[in-house]
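These are the residues of each chain, in order.
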Amino acid sequence: MDYFAQQLINGLVLGSIYGLIAIGYTMVYGIVGMINFAHGDIFMIGGFIALITFLILISLGLTAIPVILLVVLLVSMAITALYGWTIERIAYRPLRHSFRLAPMLSAIGMSFVLTNYSQVAQGARVKPIPPFIVGGYTLHESPDGFVIQLSNIQIMVVITTIVLLAIFTWLVSRTRLGRDMRACEQDQTMAALLGVNVDRTISMTFVIGAALAAVAGLMYLLYYGLVDFYMGFVAGIKAFTAAVLGGIGSLPGAMLGGLAIGLIETFWSAYFSVEYKDVAAFSILIVVLIFMPTGLLGRPEVEKV
Amino acid sequence: MTVNPHKTTKTSRTAGIPFLLKTAFINALIALVLFSLMIGIRTEAGSDGQLTYWTRFGDLASLVAAVFGGSIVIELMRQWIGPTGAEKLVPASVQSGMSFVGRYLAPALLIFTLLVPVIFYDQRYILDLAILVLTYVMLGWGLNVVVGLAGLLDLGYVAFYAVGAYSYALLATNFGWSFWVCLPLAGILAAFWGMLLGFPVLRLRGDYLAIVTLAFGEIIRLVIINWQDLTGGPNGVSGIPRPSFFGIPLDNSDDGLAAKLGIEYSPTHRIVFLFYLILALALLTNWVTIRLRRLPIGRAWEALREDEVACRALGINTTTTKLTAFATGAMFGGFAGAFFATRQGFISPESFTFQESALVLAIVVLGGMGSQLGVALAALTMIGGFELFRSLETYRMLVFGMAMVLIMIWRPRGIIGHRSPTVYLTKAHAISSDLVKEGHG
């Protein structure tokens, strides 16, 4: 039971990170209707930028951890958001009205570019950082000595996710930009006729998605203490799986799917085998799609004749 | 509504130097922010696990300067060629001329390919490269059945390649079966896996299908890595027997083909044999595809690509149609895999990554989906181009990715952007591929 509770905590934390990346996928899919294959690599870039900013701030002699964290958060979000914006402008905007496979291949190409750019720029080796946020709470100690731990970093990941989700939900449901985004999701042509700047709205979607991915990258860096150039691919497929599982295009679905993938992966590793955890996650995706082809919270797709 | 992204208005076109400098300056500024940390600062983990860093402001400055200069050049070209740019680079007359050339290009290319081992007999490197190109031509033609004809987007094609390679490797090393027995078995097993993948995805469309096939490809690769007892895990399978000339080994022994024919033994014999083997397999793929296109099943594939709902309304069994497309494509992937295993003599999971799937898909799309000649030309371009960058190992994938993006922007419909219809009443009119719905799954 205790072991189960501990795995539940670990799974929820991992799921929060996947969920943050999945939101970026689901937003872009909802509005532009394309799979942004490079999104996982944007997450990786976010992790790298956070790492480098940490390094600079520490060598400048800063010691106040909250200040460091805030600066790193803002810098990595800003620069990664600019990456998202640039990628949309270069690789996706010229292809927006092209046939379906073209933007997908362009996105796959962009993903290769980002992975190898990061490898060329920062080397292929894993980059570790020393733990910044240490300590935690012991929730429960059973007689046989098993301890349920809730570390501070875990609390931070979950709280950051909840806060970002709240901000994001407010953004989509209450602001002008959110209204534009929902309008573009419904019908781009009609939205444009009614005075919505479609280009700008799509750009902003990529910017917000990349900023959220940067936060996920920072959380990953803090939680696992390392980044490497290849981590975007696997995390990207997992997050996309999460988005599809939750019903692509649905924001709560993305978060739910992220949590589901995080929990499945953690429990599978804990009770069965670590080696096959990714196989389990992907198999469950296939099984869910057989019985619910539009995911958990997705709307049924209307077949147009 | 169509929004032209490169719409250059009259004002900006006549704005001249101030406009150019402003655009270039903004681009350079963006580049400066993008590259500031990733290029300007280099991190490395030291021997004690402590991260160190040093600055590379020279590299950063030259990159930003390159972006500044590059955006001036691009903007000048855009003003010079015009807003649509790319299409004007290839005038309509040349494009229609290309279709005329296309009629004679295919036979010419085939004759040249047949003569490659004769012309380049002494150049082992060229023969190896030709074998590699032909392997990708075959893979491209195999995937073309699934993506180009049936319109099912498959991002995990390399899984069938892996199934074929491992089927042959394991059967040959464990039971000592010959290549000619294992080849059909590898194809059948891969086709079986294709059907297995087909069943769950029957109800899925478009991007869902893409992600499930991607997941399936990853599952196969992960199982190969982790099932160490059977597959050898990350170490792979080695000592895979070389193919024989229908039972006669191609080696230096007294039973070898060279000794039996009474000619002097040369290691090139084996390479030439492999060359003709993969050429035959590729041509078989091509022939079967062209024949199948004319049969009811091939027409059903193409109808399915165009409109699934209409297909069902007309009484086409979409289940069997999709399954046969997956199975046929997978079978050719399996053949190619078996060939790959016997050529290399060693296989490991590293050869079957998503990157390979993307490469084959890029070949199919770049070639112009459904166009057999286009796929062959694309394989030649991509694999040949890839080979040019062999010495720049680290930059190779970077350039490949950029090329993929640029090609998609320039020619999203591929090299052969038109096609002749499969069935016609009196006279075949080539149609633009803009009229064909592809990849809707």
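Residues numbered from 1 in each chain as written. Chains lettered and ligands numbered in written order. Predicted model: local features only at pLDDT ≥ 70, side-chain atom pairs only at ≥ 80, totals over all residues. Heavy atoms only, no water.

## Some details on the overall build of chain B
Within chain B one finds 18 helices and 6 strands. For chain B, the residues scored as buried account for 51% of the 441 residues in total. When contacts within chain B are restricted to residue pairs at least 6 apart in sequence, long-range pairs at least 24 apart make up 72% of them. Summing over all exposed atoms, chain B offers an accessible surface of approximately 20600 Å²; the carbon and sulfur share of this is 67%. (Helix = DSSP H or I, 4+ residues; strand = E, 2+ residues; numbered from the N terminus. Buried < 20%, exposed > 50% of the residue type's maximum accessible area, 1.4 Å probe, protein only. Contact = heavy atoms within 4.5 Å. Areas by Shrake-Rupley, 256 points an atom, 1.4 Å probe, with all protein chains shown as cover.)

## With respect to the overall build of chain A
When helices and strands are counted, chain A shows 11 helices and 4 strands. Compactness check: chain A gives a C-alpha radius of gyration of 20 Å against a globular reference of 19 Å for 305 residues, within 12% of the reference. Expressed along its principal axes, the backbone C-alpha trace of chain A runs to roughly 65 × 50 × 40 Å. Buried residues in chain A amount to 58% of all 305 residues. (Rg over C-alpha atoms; globule rule 2.2 N^0.38 Å.)

## Points about the interface of chain B and chain A
It is common to give the size of an interface as the accessible area lost on bringing the parts into contact. The interface of chain B with chain A comprises 67 residues on the first partner and 75 residues on the second. At the boundary of chain B with chain A, total buried surface from both sides reaches about 6600 Å², with 75% on carbon and sulfur atoms. Counting the surface chain B buries against chain A, the share from its top three residues, Met38, Asp207 and Tyr208 of chain B, is 12%. Applying the counting criterion to the chain B and chain A interface returns 1 salt bridge. Of the charged contacts, one joins Arg125 of chain A and Glu44 of chain B as a salt bridge, the two residues approaching to 3.6 Å between their closest N and O atoms. Where chain B packs against chain A, one counts 8 residue pairs in polar contact (both at pLDDT 80 or more). (Buried area = accessible area lost by both parts, 1.4 Å probe. Salt bridge = Lys/Arg side-chain N within 4 Å of Asp/Glu carboxyl O. Polar contact = N/O pair within 3.5 Å; in protein donor to acceptor, adjacent residues only side chain to side chain.)

## Remarks on the pattern of salt bridges
All names here are of chain A. Inspection of every chain in the model, using the stated rule, returns 17 salt bridges over all chains. Among the salt bridges present, the one from Arg176 reaches Asp180, with a minimum N-O distance of 3.6 Å. You can see Arg176 and its partner Asp180 sitting in helix H6 (residues 176-186), 4 residues apart, about one turn around the helix. Here Asp180 falls in the buried class, since its relative accessible area comes to 4%. Here Asp278 makes a salt bridge to Lys277, at a shortest N to O gap of 3.9 Å. Accessibility expressed as a relative area gives 14% for Asp278, which makes it buried.

## Digging into the packing of helix H9 (residues 231-246) of chain A against helix H10 (residues 251-271) of chain A
All names here are of chain A. For the pair H9 and H10, the least separation of the axes is 7 Å and the interaxial angle reads 120°. What the angle tells us is that H9 and H10 run oblique. For the pair H9 and H10, the sense of crossing is right-handed. Here Lys238, Thr241, Ala242, Leu245 and Gly246 of H9 lie close against H10, whose contacting residues are Gly253, Ala254, Gly257, Gly258, Ala260, Ile261 and Glu265. Its residues assigned to classes, the contact of H9 with H10 comprises 5 nonpolar, 5 polar and 2 charged. (Axes fitted to C-alpha atoms, helices over the stretch in contact; angles between N-to-C directions. Parallel < 35°, antiparallel > 145°, perpendicular 65-115°, else oblique. Left-handed = near helix turned anticlockwise from the far one by under 90°. Nonpolar A, V, L, I, M, F, W, Y, C, P; charged D, E, K, R; others polar.)

## Section: the nonpolar core
In globular proteins that are soluble, nonpolar side chains generally tend to be buried together. In terms of nonpolar packing, the biggest core is built from 219 residues, with Tyr83 and Ile108 of chain A touching the most fellow members. Per element, the largest residue contribution to this core is 15 residues, and it comes from helix H6 (residues 124-149) of chain B. (Core = buried A, V, L, I, M, F, W, Y, C linked by side-chain atoms within 4.5 Å.)

## Some thoughts on the confidence of the model for chain B
Parts of the prediction with low pLDDT should not have their coordinates interpreted in detail. Taken residue by residue, chain B gives an average pLDDT of 82. The fraction at 70 or more is 83%. Interface predicted TM-score (ipTM) for the complex: 0.86; the corresponding pTM is 0.87. (pLDDT = per-residue confidence, 0-100.)

## Here's the deal with the packing of aromatic side chains
Inspection of every chain in the model, using the stated rule, returns 30 aromatic pairs over all chains. Note on Trp268 of chain A and Phe272 of chain A: the rings are 4.6 Å apart at their centroids and 40° apart in plane angle, and the pair reads as tilted. When its relative accessible area of 29% is taken as the criterion, Trp268 of chain A is described as partly exposed. When the ring centre of Phe386 of chain B is taken as origin, the NZ or CZ atom of Arg396 of chain B, which lies over that ring, is 4.2 Å away. (Phe/Tyr/Trp six-rings, centres within 6.5 Å; stacked < 30°, edge-to-face > 60°. Lys NZ or Arg CZ within 6 Å of the ring centre and 35° of its normal.)

## A few points about the environment of Ala91 of chain A
Of note, Ala91 of chain A is situated in helix H3 (residues 65-92). For the pair Ala91 of chain A and Ile58 of chain A, spaced 33 residues apart in sequence, the C-alpha separation works out to 36 Å. If sequence neighbours within four positions are ignored, Ala91 of chain A has contacts with Ser106 and Met110 of chain A together with Val405 and Ile409 of chain B.

## Notes on the pairing of strand S2 (residues 136-141) of chain A
All names here are of chain A. In this structure, S2 lies alongside strand S3 (residues 147-151), joined through 5 bridges in antiparallel fashion. Paired with His140 across the two strands is Ile148, which belongs to S3. Counting the residues between successive antiparallel strands, the hairpin from S2 to S3 contains 5 residues, one of them, Gly145, with a positive phi of roughly 95°. (Pairing = 2+ DSSP bridges.)

## A closer look at helix H8 (residues 179-201) of chain B
Because each turn of an α-helix spans 3.6 residues, side chains separated by three or four positions end up pointing in the same direction. For H8 of chain B, which comprises 23 residues, the first-to-last C-alpha distance of 32 Å matches the rise-based estimate of 33 Å (1.5 Å per residue) to within 8%. Residues of H8 of chain B that are buried include every one of Phe179, Cys182, Leu183, Ala186, Gly187, Ala190, Ala191, Gly194, Leu197, Gly198, Pro200 and Val201 of chain B, and no others. (Expected span 1.5 Å × (residues − 1).)

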